[in-house]
Amino acid sequence: MNSKKIFALLLALCMVVSLFAGCNSNEEVESETTPVESESTPVESDSEATYEGLDWEAIDAMDYDEASDAIYDWNLGEFYEYYTKAKEETENLSKRYALMAIAEAKMLEAGVFAPLYGDGGSFAMSRVVPRSTTTTTWGLDEYRWYTMLVTNEIITSADRDAITNIWKEATDSADYFTKAKAYLADNGYTLNDTYNAHSGYNMETWDVIATSYTSDSYFIACTYSGLMEYDVKNNLQPALATEYSVNEDGTVYTFKIREGVKWVDQQGREVADVTANDWVTSMMHMVDNNDALGYLMTKSDGCGIKNYDAYMAGEVTFDEVGVKAIDDYTLEYTLEAEFPPFITMMGYGCFAPLNYDFYKSQGGTFGAEGDEYTPGNYGTSPANIAYCGPYLVTNYTPQNIWSFKANPTYWDADAVNTHTLNFYYNDGSDTLRSYNEAKDNTVATCSFNANALVLAKEEKPEGKDETYFDLYHYTTTNSATCYCAWLNLNRATFHDFNDETSGVSPKTEEDIARTRVAMSNQHFRMALLLGFDRAAYNAVSVGEELKYASLKNSYTPGNFQTLTEDVTVEINGAEQTFAAGTAYGAVMQAQLEADGSTIKVWDPAADGGAGSGDGFDGWYNPEAAKAEMELAVAELAQIGVEISAEKPIYIDSFYFAGSESNTNTKQAFKQGIEKTLEGMIMVNLVAYEDSNQMSYAYYRNSTGAEANFDISHNSGWGPDYGDPQSFLDTIQPYGYMAKNLGVY
């Protein structure tokens, strides 16, 4: 279907729907968002209440950004008001975290998305020694891999527990590695110099500064070093910076760069010395690729590098941007204002170095030097980047294999435990491939999906009396990354933006118009999200035993930060004090309960009494979902939109037909929603035969207008740095994940 035709069709349909809205079409439409009001606070169940709905006729008269502002304000205005206040608190970190938790509660109550699950919480068996890489939940350090210990033998459950206890008791990383290696040797394990694994990622670029995709950064991170990096005890340590200092007002960071570090090409041939100017060059490349990671440099969305915003607005020259090479080995960053989590950002791609001469040799140019920007060939392949990290790429065959070998010139070469890495592409179509290849040591590790779990509980390794499951299983740690069910608030395309024959919606013109209006109703959205049995959805992939293990109930993990001092904040106008040691999630829960929400994001008894927001389903509530649907039906009826089993709202969700697991999870979603809400919402499942093409529906889109779904379950966010702002910024206007809501 032609995209221009769809846009014209939508405009016509929405003008018809706007007749239901009860708004004066002759009223002058201002450029601000005053015609619409925030609807994020649930409306009381009052039959006398009037509901006028969002003025779609006014929306369609606006340009795209203005329309996005209006739709955002209608749905998330209350959250943004609270969040703006929270970001202004920079002096008292505990108060900052409490205010952000309150803002996040308002965001969840808006019902524009629901958290689903994290990377973890599944049964697995592995030859990777536990805690031999950092478990820091932000940045890219977990993908550097060089500290990883890999054994030739699958590690037993009992030995995993013993080694984890060694980690807990170790005084530092060196102490842990010494004792862990001794334990392994004493218990019959031998170390392997190679790590083999599966990956389902597809790459777009090898330029870490020009991408925000995990699927790219996952493989690039080990090719360079950062200024500072987290060790296996999760302590920030010097890397390419040997030390740093901060001035009195917290706005100037000075780094001493390690001398003698070499840039090399893919063949290991020396290119240049690493110097402070490599970070100035990096920033020059950053401003030319602002759409990738530039948000982390801005004052509104990130650390606030001095004059970054002014440069992007054309108000100053690049020389006035707050990054300077004081001399060859002294680097200085200046911020607009104090930003407490700045130092936690050093391991992320936005602070990767870039060698000027190598970049220019690839045909790259810089807008900061007055040229028309082009990256040339830089980042187009592993041969077109320079390396200063632990590994060099030896083979890159897309959708086949990625191979790495240890970089002999790496500044900390003695710390490299695993010298060869191989990642084999696996699209998931063979549900037993990982399990079978983990058994024969083709790959080092595997998670047990539902099919593999059945076999693992039946099959016994040769010469053993116990099954693979009984001997080797453990539960993987749930990561901070949160995958979500995103609702498209303003769907504008009904096929993939890169291919009009792919991902074509089966909806009629009337269905399209009705869905758009329903999605702007907070009660309708909450009915959909509270009626989603996330545990049943999960069980299809990981089995009944672990269906709750990876579930997440908030966007920012409940234990991401804790208060370090007593803090008093206002909750619905009443002062409430939270004691030092209170978790972020506990403050969120207090606000939700004060608002009468049924959502549960924090269980103080979980995780052995430590408390957690993971591992239970705090959203699924069929009775609350039906109550929300009753309110939605009543409100939407006032603007002429009928919802019933005879006249349902249709929503599109996509799936990869080549994966039995993905197909079955989407079937579980469809059946559960339609049953719980008694047929008033019907789910169209849109099949993809190519998993890479499917990513254009939800992941590779650059704007909300390109998002081709009504609900997506596939996209998630992991933190860039150690502050809740790293999550919540993505949901503010123009935030990175806002495009999943069909705006910006």
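For every chain, the first residue of the written sequence is number 1, and numbering continues from 1 onward in sequence order. Predicted model: local features are reported for residues with pLDDT of at least 70 only, side-chain atom pairs are reported and counted for 80 or more only, and whole-chain, interface and lining totals are derived from all residues. Hydrogens are left out, water is left out, and the side-chain values use all remaining heavy atoms of the structure.

### Quick word on the overall build of the protein
Starting at the N terminus, helices and strands are each numbered in turn, a helix being any DSSP run of H or I of at least four residues and a strand any DSSP run of E of at least two. Scanning the protein from N- to C-terminus turns up 22 helices and 25 strands. Just to be clear, the radius of gyration here is over C-alpha atoms, and the globule rule we use is 2.2 Å times residues to the power 0.38. A globule of 744 residues ought to have a C-alpha radius of gyration of about 27 Å, and the protein, at 26 Å, matches this closely. In terms of its C-alpha atoms, the protein occupies a principal-axis envelope of roughly 75 × 70 × 55 Å. Looking at the protein as shown, the accessible area adds up to about 28,300 Å², and 45% of this sits on carbon and sulfur atoms. Treating the 45 positive side-chain charges of the protein as one cloud and the 113 negative ones as another, the clouds have centres 6 Å apart. Only the protein chains shown count as covering a residue, and every accessible area follows the Shrake-Rupley method with a 1.4 Å probe. Charged residues are defined here as Lys and Arg on the positive side and Asp and Glu on the negative side; His and the ends of the chain fall outside this count. Throughout, a charge is located at the NZ atom of Lys, the CZ atom of Arg, the CG atom of Asp or the CD atom of Glu.

### A short note on the environment of Thr397
Tracing the backbone shows Thr397 in strand β14 (residues 391-397). The spatial distance from the C-alpha of Thr397 to the C-alpha of Ser659 is 22 Å, given a sequence separation of 262 residues.

### So, the sheet that holds strand β16 (residues 420-425)
Strands are treated as partners if at least two bridges between them are detected by DSSP. Spatially, β5-β16-β15-β14 is the arrangement adopted by the four strands of the open sheet, whose pairing is mixed. In the strand order of this sheet, the two ends are held by β5 (194-199) and β14, each with one partner. Direction aside, the axes of adjacent strands within the sheet are offset by 15 degrees on average. The sheet contact formed by β14 and strand β15 (residues 401-406) spans six bridges and is antiparallel. Each bridged residue has a counterpart across the sheet, and for Leu392 the counterpart in β15 is Lys405. To get an axis, a line is fitted to the C-alpha atoms, and for a helix only the part in contact is used. The angle between two axes follows their N-to-C directions and goes from 0 to 180 degrees.

### Remarks on empty space enclosed by the protein
In the cavity and pocket records, a cavity denotes points on a 1 Å grid over the protein atoms alone where a 1.4 Å probe fits but cannot get out, a pocket denotes an open set with protein on both sides within 12 Å along at least 5 of 7 lines, and lining residues are residues with an atom within 4 Å of a point. Grid points are joined across faces, edges and corners, and a volume is the space filled by probe spheres set on the points. In the structure shown here, the tally under the stated rule is four cavities of 30 Å³ or more. Taken together, 16 residues form the lining of the largest cavity, with Val208, Pro353, Tyr378, Ile385 and Ala386 sitting closest to its centre. Charged residues are taken to be Asp, Glu, Lys and Arg, nonpolar residues to be Ala, Val, Leu, Ile, Met, Phe, Trp, Tyr, Cys and Pro, and polar residues to be all remaining types, Gly included. A breakdown of the residues in the lining of the largest cavity according to their chemical character gives 13 nonpolar, two polar and one charged.

### Looking at the packing of helix α4 (residues 93-110) against helix α18 (residues 584-594)
Contact pair α4 / α18: the axes reach a minimum separation of 8 Å and the direction vectors enclose 50 degrees. In terms of axis orientation, α4 runs oblique to α18. α18 is crossed by α4, and the crossing has right-handed handedness. Residues Tyr97, Ala98, Met100, Ala101, Ile102, Glu104, Ala105, Lys106, Leu108 and Glu109 of α4 form the contact with α18, whose own contacting residues are Tyr584, Val587, Met588, Gln591 and Leu592. Tallied by class, residues from the contact of α4 with α18 come to eleven nonpolar, one polar and three charged. Note on angle classes: values under 35 degrees are labelled roughly parallel, values over 145 roughly antiparallel, values of 65 to 115 roughly perpendicular, and the remainder oblique. Left-handed describes a crossing in which the near helix is turned anticlockwise from the far one by less than a right angle; the clockwise case is right-handed. In what follows, a contact means two residues having at least one pair of non-hydrogen atoms within 4.5 Å.

### Observations regarding a negative patch on the surface
What goes into a patch is any residue over 30% in relative accessible area without a salt bridge, connected to like charges within 9 Å or, for nonpolar side chains (Val, Leu, Ile, Met, Phe, Trp, Tyr), within 5 Å. In what follows, salt bridge is the name for a side-chain nitrogen of Lys or Arg lying within 4 Å of a carboxyl oxygen of Asp or Glu. On the surface, a cluster of negative charge is contributed by Glu91, Glu248, Asp249 and Glu338. By the secondary structure assignment, Glu91 is in the loop between α3 (64-87) and α4. Relative accessible area decides the class of each residue, using a 1.4 Å probe on protein chains only: under 20% of the type maximum gives buried, over 50% gives exposed, and in between gives partly exposed. The class for Glu91 is exposed, based on a relative accessible area of 75%.

### Structural notes on the packing of aromatic side chains
A pair of Phe, Tyr and Trp rings is counted when the ring centres sit within 6.5 Å of each other, with Trp represented by its six-membered ring. The angle between the planes then sorts it: under 30 degrees is stacked, over 60 is edge-to-face, the rest tilted. In the structure shown here, the tally under the stated rule is 57 aromatic pairs. Taking the centre distance of 5.1 Å and the plane angle of 75 degrees together, the rings of Trp145 and Tyr218 count as edge-to-face. Separated by 73 residues along the polypeptide, Trp145 in the loop between β2 (123-126) and β3 (150-151) and Tyr218 in helix α7 (residues 214-220) bring together distant segments of the chain. Comparing Trp145 with Tyr218, the two get one shared label, buried. Seen from their ring centres, Trp402 and Tyr425 are 6.4 Å apart, and the 45 degrees between their planes marks the pair as tilted.

### Side note on the pairing of strand β22 (residues 649-656)
Burial analysis of β22 places seven of its eight residues in the buried class, the great majority of the element. Where β22 meets strand β23 (residues 681-688), eight bridges bridge the pair, whose relative direction is parallel. What sits directly across from Tyr650, in β23, is Met682.

### Here we look at the pairing of β2
Every second residue of β2 is oriented toward a common face, with Phe123 and Met125 on one face and Ala124 and Ser126 on the other, all of them buried. As paired strands, β2 and strand β18 (residues 474-475) are joined by two bridges and run antiparallel to one another. Counterpart to Ala124 in the pairing with β18 is Tyr474. Pairing of β2 with strand β17 (residues 445-447), which is carried by three bridges, proceeds in the antiparallel orientation. Looking at β17, one finds that Met125 is bridged to Cys446.

### Remarks on the pattern of salt bridges
In the structure shown here, the tally under the stated rule is 24 salt bridges. Among the ionic pairs, Lys87 bridges to Asp729, the shortest N-O distance being 3.2 Å. Note that Lys87 is positioned in helix α3 and Asp729 in the segment after α22 (725-728), a separation of 642 residues in sequence. Of the two residues, Lys87 and Asp729, neither departs from the other in class, the shared state being buried. With a closest N to O distance of 3.1 Å, Asp614 and Lys552 form a salt bridge. Separated by 62 residues along the polypeptide, Asp614 in the loop between α18 and α19 (622-637) and Lys552 in the loop between α17 (534-542) and β20 (567-571) bring together distant segments of the chain.

### Considering the nonpolar core
Side-chain atoms within 4.5 Å are what join buried Ala, Val, Leu, Ile, Met, Phe, Trp, Tyr and Cys residues into a set we call a nonpolar core. Ranked by size, the top nonpolar core spans 189 residues in total, and within it Phe255, Tyr333, Phe342 and Tyr555 carry the most contacts. For this core, the leading source of residues is α4, giving eleven residues. Tyr435, Ala438, Leu453 and Ala456 belong to the second largest nonpolar core, which has 17 residues in total.

### Here's the deal with α19
The terminal C-alpha atoms of α19, which comprises 16 residues, lie 22 Å apart, in line with the 22 Å expected from a rise of 1.5 Å per residue. Of the residues making up α19, those classed as buried are Ala624, Ala625, Glu628, Met629, Leu631, Ala632, Glu635 and Leu636. Looking straight down α19, one finds that the buried residues subtend no more than 165 degrees of arc, so they occupy a single side. Of the exposed residues in α19, those oriented more than 90 degrees away from the buried face are Glu623 and Glu630. For a helix, the expected span equals 1.5 Å multiplied by the number of residues minus one. Note that the arc is defined by the directions from the helix axis to the C-beta atoms.

### Some thoughts on α4
Over its 18 residues, α4 runs 26 Å from end to end, which matches the ideal 26 Å to within 8%, given 1.5 Å per residue. Counting buried residues in α4 gives 16 out of 18 residues, a clear majority hidden from the surface. Taken from the residues just after α4, Gly111 is the one with a positive phi, measuring 70 degrees.

### Some points on the sheet that holds β2
Read across the open sheet, the three strands follow the order β17-β2-β18; overall the sheet is antiparallel. The sheet terminates laterally at β17 and β18, the two strands that pair on one side only.

### Some remarks on the environment of Asp327
Examined against the element boundaries, Asp327 turns out to sit in strand β12 (residues 323-327). The class of Asp327 is partly exposed, set by a relative accessible area of 40%. Here the alpha-carbon distance between Asp327 and Ile257, two residues 70 residues apart in the chain, equals 9.9 Å. Under this definition, polar contacts are N or O atom pairs within 3.5 Å; protein pairs additionally need one hydrogen-donor-capable and one acceptor-capable atom, and for neighbouring residues in sequence, both atoms have to be side-chain atoms. Reaching out from Asp327, the side chain makes a polar contact with the backbone nitrogen of Thr330 at a distance of 2.8 Å.

### Side note on the confidence of the model for the protein
Per-residue pLDDT for the protein averages 92, and the proportion of residues at 70 or more is 94%. One confidence number per residue, pLDDT, is output by the predictor and ranges from 0 to 100. In this model residues 1-47 is a low-confidence stretch, pLDDT under 50, and it forms 72 contacts with partners more than four residues away in sequence or in other chains.

### Some details on the layout of surface pockets
What the second largest pocket holds in volume is close to 840 Å³. Forming the walls of the second largest pocket are 29 residues, and the residues nearest its centre are Asn290, Asp291, Ala292, Ser702 and Tyr736. Of the residues in the lining of the second largest pocket, the class split is nine nonpolar, eleven polar and nine charged.

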